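Below are the chains, spelled out letter by letter.
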Amino acid sequence: MGLSAVATNNSGYMFIGVIGYTYLTGLASLWLVIGWILGDFIASQLVHRHLREATVRTGEVTYGGVLSQWYGAELAGLRRIAGLLTVIFLGIYAAAQLNAGSKALHVLFDWPFYAGAVIGAVLVVGYCFAGGIRASIWTDAAQSFVMFGAMLTLLYAAVMALGGPQGAWGEMGKIKGFLDWSPADTLIPGVAGLAFFALGWFFGGFSVVGQPHIMVRFMALDNPSHMTRARLYYYLWYTLFYLLATGVGMLSRVYLPEAQNFDPELALPTMALQLLPDMLVGLILAGIFAATMSTADSLILSCSAALTHDLLPHQFENMGKIKLATVVVTALALAIALSSNESVFTLVIFSLSFLASAFVPLLLIYTLGGRPTDQQALIILGAGLGVAIAWRWLGFHHALYEGMPGILAGLLAFGMLRLFGKVARSLVRS
């Protein structure tokens with residue numbers, strides 16, 4: 001289960017998006033790794049077991065369903081809004097995976113960009129029809145080994161071609177500012193700006209508990225006593241793979257100097273063509289597709305479940321209609337992929353941050369014993385999501401991950417609601 005969760009989490013975002021981000025950012029991208037994994041770990045300590053227990057208690061199969069029935073009485077408005085947000089933002093997330101596959105095939109075979117997205121969409125539908133969530137979990141676990149092997153192979157080849165670790169480090173040091181610990185676009189200069197930057201990505205890791213397609217793995221855990229073992233697999237694999245991807249991203253800047261109109265998200269497949277024989281280039285392609293498919297099928301299944309159980313309950317009562325819903329959701333993701341000009345990294349962070357801003361405050365409130373009403377839950381959700389959207393619209397997301405102000409806004413909204421409630425009750429008594 002841990003391997004399935006981490007394979008679903010890392011996706012084409014890691015093979016394509018993180019490589020591109022590291023290519024542009026340099027050594028300072030390590031703060032993303034450190035902040036993200038630390039935030040994810042701390043959030044898991046607060047949330048995973050409570051979420052697993054709530055899943056058993058409610059008997060629900062969707063993330064939105066568990067949130068809406070945490071204390072028994074259904075919050076119908078929350079359930080439908082949670083279902084709608086899941087379909088929208090996980091659909092965008094799935095589009096990012098299809099784009100990642102497209103970029104790889106474009107570089108390796110010179111196919112048009114749409115070809116990989118279409119092939120990926122067909123494969124995803126096949127995965128989902130073949131076995132649903134059970135097939136997705138097992139194939140994710142297997143694909144995680146392919147992903148790890150592909151990234152390790154490319155990193156080793158890149159380092160050895162530069163004469164070993166010392167030679168590779170020396171070549172990276174020749175690029176002005178590339179080995180600086182602090183990124184160039186922090187909100188505040190100096191150490192304070194660096195701390196703020198790392199704190200933002202800490203909230204990026206915290207955002208993972210707001211992702212339905214990842215949390216459903218822990219919700220489906222067969223025995224709560226296996227949670228520690230699942231976390232061990234998850235964080236060990238996660239940390240090693242993230243470091244490998246960051247290393248490949250940094251080396252890609254040495255092999256592919258920055259040039260006008262070069263898309264940094266094409267760096268990994270382009271580098272593979274330069275360094276590896278055809279057979280190992282095939283391994284890299286397999287790794288990229290393993291990453292994209294391990295996430296895309298999970299995203300589509302989560303969207304379909306949200307559509308059939310949360311957004312439009314009782315409208316899809318037979319298997320034929322459920323499969324039709326899967327096809328429709330996949331078609332929407334494909335349409336987004338074909339029409340979007342955004343990078344894979346941008347699409348993933350966009351989806352991740354908005355889902356986190358909507359769901360993480362509620363989840364934290366539940367685990368700490370809060371019992372918001374349906375109306376209050378929607379206010380909390382709306383406050384978090386609204387602040388995250390405004391943050392991105394104002395362009396502040398370039399300097400600080402928008403999920404941080406979004407999550408804090410949701411928690412602040414709950415605090416204000418409780419304060420107003422106490423004041424109102426005090427006035428009534430007096």
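Here the structure is a predicted model, which means the values were calculated and not measured.

Novice: Lay out the overall build of the chain with the relevant residues and their values.
Specialist: Along its length, the chain carries 15 helices and zero strands. At 22 Å, the chain has a C-alpha radius of gyration in line with the 22 Å of a compact globule built from 430 residues. Among the 430 residues that make up the chain, the fraction classed as buried is 58%. Across the chain, every contact between residues at least 6 apart in sequence was considered, and the portion connecting residues at least 24 apart equals 82%. As displayed, the chain offers around 17600 Å² of accessible surface, 68% of which is attributable to carbon and sulfur atoms. Looking at charge distribution, the chain has the averaged site of its 21 positive side-chain charges lying 12 Å from that of its 20 negative ones.

Novice: Before we move on, can you summarise the packing of helix H4 (residues 76-109) against helix H12 (residues 319-339) with the specific residues and values?
Specialist: The interhelical angle for the contact between H4 and H12, taken along N-to-C directions, is 60 degrees, at an axis separation of 8 Å. What the angle tells us is that H4 and H12 run oblique. The hand of the H4/H12 crossing is right-handed. In this structure, H4 contributes Gly91, Ile92, Ala94, Ala95, Leu98 and Asn99 to the contact, and H12 contributes Ala333, Leu334, Ile336 and Ala337.

Novice: Account for the environment of Thr25, naming residues and giving values.
Specialist: For Thr25, the position within the fold is in helix H1 (residues 2-25). Sequence separation between Thr25 and Leu244 is 219 residues, and the spatial gap between their C-alpha atoms is 16 Å.

Novice: Talk me through helix H13 (residues 344-367); I want residue IDs and the actual numbers.
Specialist: Its 24 residues place the ends of H13 32 Å apart at the C-alpha level, agreeing with the 34 Å of an ideal helix rising 1.5 Å per residue. With 22 of its 24 residues buried, H13 lies for the most part within the structure. Just beyond H13, the residue with positive phi is Gly369, at close to 95 degrees.

Novice: Account for helix H2 (residues 30-58), naming residues and giving values.
Specialist: The first and last C-alpha atoms of H2 sit 40 Å apart over 29 residues, in line with the 42 Å expected at 1.5 Å per residue. Of all bends in H2, the biggest is about 45 degrees, found at Ser44. One or two positions beyond H2, positive phi appears at Gly59, with a value near 75 degrees.

Novice: Give me the lowdown on the packing of H13 against helix H15 (residues 403-429), citing residues and values where you can.
Specialist: Contact geometry of H13 with H15 gives a least axis separation of 8 Å together with a crossing angle of 35 degrees. The element H13 and its partner H15 pack so that their crossing is right-handed. Between H13, through Ser353, Ala356, Ser357, Val360, Pro361, Leu364 and Ile365, and H15, the contact on the second element is made entirely by Gly403, Gly406, Ile407, Gly410, Leu411 and Phe414.

Novice: Could you give me a rundown of the pattern of salt bridges, with the residues and numbers involved?
Specialist: Applying the stated rule across the entire model yields seven salt bridges. One salt bridge in this structure joins Glu74 and Arg79, with 2.9 Å as the shortest N-O distance. Beyond isolated ion pairs, a larger network of salt bridges with shared partners links Glu60, Glu74, Arg79 and Asp310.

Novice: An account of the packing of aromatic side chains is requested, with residue identities and associated values reported.
Specialist: Counting across every chain of the model gives 25 aromatic pairs. Judged by centre distance (4.7 Å) and plane angle (85 degrees), the rings of Tyr234 and Tyr235 are edge-to-face. Tyr235 shares its class with Tyr234; the two are buried. In this structure an aromatic cluster arises from ring pairing among Tyr21, Trp36, Phe197, Trp201, Phe345 and Tyr401. Positioned above the aromatic ring of Tyr23 is the side chain of Arg253, whose terminal nitrogen or guanidinium carbon lies 5.3 Å from the ring centre. Against the face of Tyr71 rests Arg371, its NZ or CZ located 4.1 Å from the ring centre.

Novice: Just give me the short version of unusual backbone geometry, but keep the residues and values in it.
Specialist: The backbone of Asp110 sits at a positive phi, close to 60 degrees, despite the residue not being glycine. Relative to the helices and strands, Asp110 is located in the loop between H4 and helix H5 (113-161). What makes Asp110 exposed here is its relative accessible area of 62%.

Novice: Give a detailed account of the nonpolar core, specifying residues and quantitative values.
Specialist: Phe15, Trp36 and Tyr242 are the most contacted members of the largest nonpolar core, which totals 138 residues. If you tally residues by element for this core, the top one is H13, at 17 residues.

Novice: Requested: an account of the confidence of the model for the chain, with residues and values cited.
Specialist: On average, residues of the chain score 85 in pLDDT, and 90% of them are at 70 or above. The lowest-confidence element of the chain is H1, averaging 70 in pLDDT; the highest-confidence one is helix H14 (residues 374-393), averaging 95.

Novice: Tell me about a positive patch on the surface, and name the residues and values.
Specialist: A contiguous patch of positive charge on the surface is contributed by Arg418, Lys422, Arg425 and Arg429. In this fold, Lys422 is placed in helix H15.

Novice: Could you give an account of a nonpolar patch on the surface, naming the residues involved and the relevant values?
Specialist: Taken together, Leu412, Met416, Leu419, Phe420, Val423 and Leu427 make up a surface patch of nonpolar side chains, about 600 Å² in accessible area. Note that Leu419 resides in helix H15. Leu419 gets classed as partly exposed once you look at its relative accessible area, which sits at 45%.

Novice: Describe the side chain of Lys103, naming the residues involved and giving the relevant values.
Specialist: Checked against the element boundaries, Lys103 lands in helix H4. Once residues within four sequence positions are removed from consideration, Lys103 is found in contact with Ile16, Phe113, Asp263, Glu265, Leu266, Ser343 and Val344.

Novice: Any chance you could break down the environment of Ala73 for me, citing the residues and the numbers?
Specialist: By the secondary structure assignment, Ala73 is in the loop between helix H3 (63-68) and H4. Separated by 301 residues in the primary sequence, Ala73 and Asp374 have C-alpha atoms spaced 9.8 Å apart.

About the criteria used
Residues numbered from 1 in each chain as written. Predicted model: local features only at pLDDT ≥ 70, side-chain atom pairs only at ≥ 80, totals over all residues. Heavy atoms only, no water. Helix = DSSP H or I, 4+ residues; strand = E, 2+ residues; numbered from the N terminus. Rg over C-alpha atoms; globule rule 2.2 N^0.38 Å. Buried < 20%, exposed > 50% of the residue type's maximum accessible area, 1.4 Å probe, protein only. Contact = heavy atoms within 4.5 Å. Areas by Shrake-Rupley, 256 points an atom, 1.4 Å probe, with all protein chains shown as cover. Lys, Arg positive; Asp, Glu negative; His and termini not counted. Charge placed at Lys NZ, Arg CZ, Asp CG, Glu CD. Axes fitted to C-alpha atoms, helices over the stretch in contact; angles between N-to-C directions. Parallel < 35°, antiparallel > 145°, perpendicular 65-115°, else oblique. Left-handed = near helix turned anticlockwise from the far one by under 90°. Expected span 1.5 Å × (residues − 1). Bend = angle between axes of the 7 residues up to and from the residue. Salt bridge = Lys/Arg side-chain N within 4 Å of Asp/Glu carboxyl O. Phe/Tyr/Trp six-rings, centres within 6.5 Å; stacked < 30°, edge-to-face > 60°. Lys NZ or Arg CZ within 6 Å of the ring centre and 35° of its normal. Core = buried A, V, L, I, M, F, W, Y, C linked by side-chain atoms within 4.5 Å. pLDDT = per-residue confidence, 0-100. Patch = residues over 30% accessible without salt bridge, like charges linked within 9 Å, V, L, I, M, F, W, Y side chains within 5 Å.

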